[in-house]
Amino acid sequence: MGRVQKINGYLFIILFLVLVITFFTRNNIRNVDEITNETTNQPVQKEISNMEEIEFKKDGYLWQLTPLYDYEISGLVVGRMNYEIFSIDKYTSLLPVDLGLIWGSNVANKVYQDKRIKFKQDSRWCWVSWNGDAVFNLDEFSNNHLLTRDKYLSNEAKKVNRGDQITIRGKLVNIKATPLEDSGASGQNTITWKSSTIREDNGAGACEIIYVEDIEVIKKGNVLSRSLFWFSFYGLILIIICSITYFLYSTNRQVKTHS
């Protein structure tokens, strides 16, 4: 059994190293080489014939969504934040994920592979910065607040990772959420968010709010790194469980032998 433990030790070291390496490479957008035709296209924004307000109650709020345009965008995910994990706001169940996207020439020319260009995302913002003469088109970059009442679409949005190429279809909407009386949200302020309707803006108010009707991953990024990450992760858990089981078995056997 000592030989088995020795093999488990070697496996643990190997899997741990794989886990550490792939933790940093699984969402590395600079490793993405194969670009789909969809992500080089511009977003499509169309007038809505029926602009009837969408109204519903959820999480202690009365939600009123004002549709502005039908909207479809395809792009490479350069920023992704799940606010159900990082926020304590009650309304995050409807707005669980923000996705930073680039498209068009930014994707076709693979400017995202330039190490001087860096993306950062936090607090419902997504930034891009660079040093020197790096070429980046700010009009082909946006932060998108994804709003959905559909559990399936919410789960699909949360599965998206940096490096994925995706298409989102839905409506650009303005949001007004009023706290209901006798609810957990009572006493809180009314939420008012307005969506951007142009791609040329930046700063506060430049984010698109998309009422998601469909979300599709066109091509996953860093597939090998992600597969190895989860393989090593679950492999380590299995080794730890086996080692604990063996330790308890050996201890119990020794006790019985000496009793």
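What counts and how
- Residues numbered from 1 in each chain as written.
- Predicted model: local features only at pLDDT ≥ 70, side-chain atom pairs only at ≥ 80, totals over all residues.
- Heavy atoms only, no water.
- Helix = DSSP H or I, 4+ residues; strand = E, 2+ residues; numbered from the N terminus.
- Buried < 20%, exposed > 50% of the residue type's maximum accessible area, 1.4 Å probe, protein only.
- Contact = heavy atoms within 4.5 Å.
- Areas by Shrake-Rupley, 256 points an atom, 1.4 Å probe, with all protein chains shown as cover.
- Lys, Arg positive; Asp, Glu negative; His and termini not counted.
- Charge placed at Lys NZ, Arg CZ, Asp CG, Glu CD.
- Pairing = 2+ DSSP bridges.
- Polar contact = N/O pair within 3.5 Å; in protein donor to acceptor, adjacent residues only side chain to side chain.
- Phe/Tyr/Trp six-rings, centres within 6.5 Å; stacked < 30°, edge-to-face > 60°.
- Lys NZ or Arg CZ within 6 Å of the ring centre and 35° of its normal.

A. Fine view of the overall build of the chain. The helix and strand inventory of the chain stands at five helices and 10 strands. Seen along its three principal axes, the alpha-carbon backbone of the chain occupies a region of about 80 × 55 × 30 Å. By the burial criterion, 43% of the 259 residues in the chain qualify as buried. In the chain, 75% of the contacts between residues at least 6 apart in sequence involve partners at least 24 apart. Accessible area for the chain stands at about 14,800 Å²; split by element, carbon and sulfur atoms hold 55% of it. Within the chain, one finds 30 positive and 29 negative side-chain charges whose respective centroids are separated by 13 Å.

B. Expanded view of the pairing of strand β4 (residues 97-102). Of all six residues making up β4, six are buried, and the element is well covered by its neighbours. Two strands pair when backbone bridges link them, and strand β3 (residues 61-82) and β4 are joined in this way by six bridges, in the antiparallel orientation. Its bridge partner being in β4, R80 is matched across the sheet by L99. One ladder, built from six bridges, connects β4 with strand β7 (residues 141-147); its direction is antiparallel. Along β7, the bridge assignment pairs G100 with N143.

C. Molecular detail of the environment of M81. Looking at where M81 falls in the secondary structure, it is placed in strand β3. M81 gets classed as buried once you look at its relative accessible area, which sits at 12%. A sequence separation of 77 residues divides M81 from K158, and the C-alpha atoms of the two residues are 8.7 Å apart.

D. The arrangement of the side chain of Q121 in detail. Among the secondary structure elements, Q121 is positioned in strand β5 (residues 117-122). Among the polar contacts made by the side chain of Q121, one reaches the main-chain carbonyl oxygen of D98 at a distance of 3.3 Å. Not counting chain neighbours up to four residues away, the residues in contact with Q121 comprise G79, R80, M81, D98, L99, G100, C126, W127 and N143.

E. Region of interest: the packing of aromatic side chains. Overall, the coordinates contain 15 aromatic pairs when judged by the stated rule. Here F23 and F24 contribute two aromatic rings whose centre-to-centre distance is 5.2 Å and whose plane-to-plane angle is 90°, an arrangement assigned as edge-to-face. Linked through ring pairs, F23, F24, F229, W230, F233 and Y234 together constitute an aromatic cluster. The residue whose ring lies beneath R26 is F229, and the NZ or CZ to ring-centre distance is 4.2 Å. Seen from the ring of W127, K120 lies directly overhead, with NZ or CZ sitting 5.8 Å from the centre.

F. Here's a closer look at the pairing of strand β8 (residues 165-179). Counting buried residues along β8, 12 of its 15 residues qualify, which places the element largely inside the surrounding structure. Sheet topology places β3 next to β8; 15 bridges connect them, and they run antiparallel. Among the inter-strand pairings, L62 is bridged to a residue of β8, identified as T178. Where β8 lies against strand β10 (residues 208-219), eight bridges are found, and the strand directions are antiparallel. Residue pairing for β10: K171 is matched across the bridge by Y211. Bridge count for β8 against strand β9 (residues 191-193) is three bridges, and the pairing is antiparallel. Paired with I175 across the bridge in β9 is W193.

G. Expanded view of the environment of R124. Mapped onto the secondary structure, R124 falls in the loop between β5 and β6 (125-130). By relative accessible area, R124 is classed as buried at 13%. In sequence terms R124 and C207 are 83 residues apart; their C-alpha atoms lie 8.8 Å from each other. With near-sequence residues (within four places) excluded, R124 lies in contact with Y83, T92, L95, D98, N143, H145, W193 and C207.

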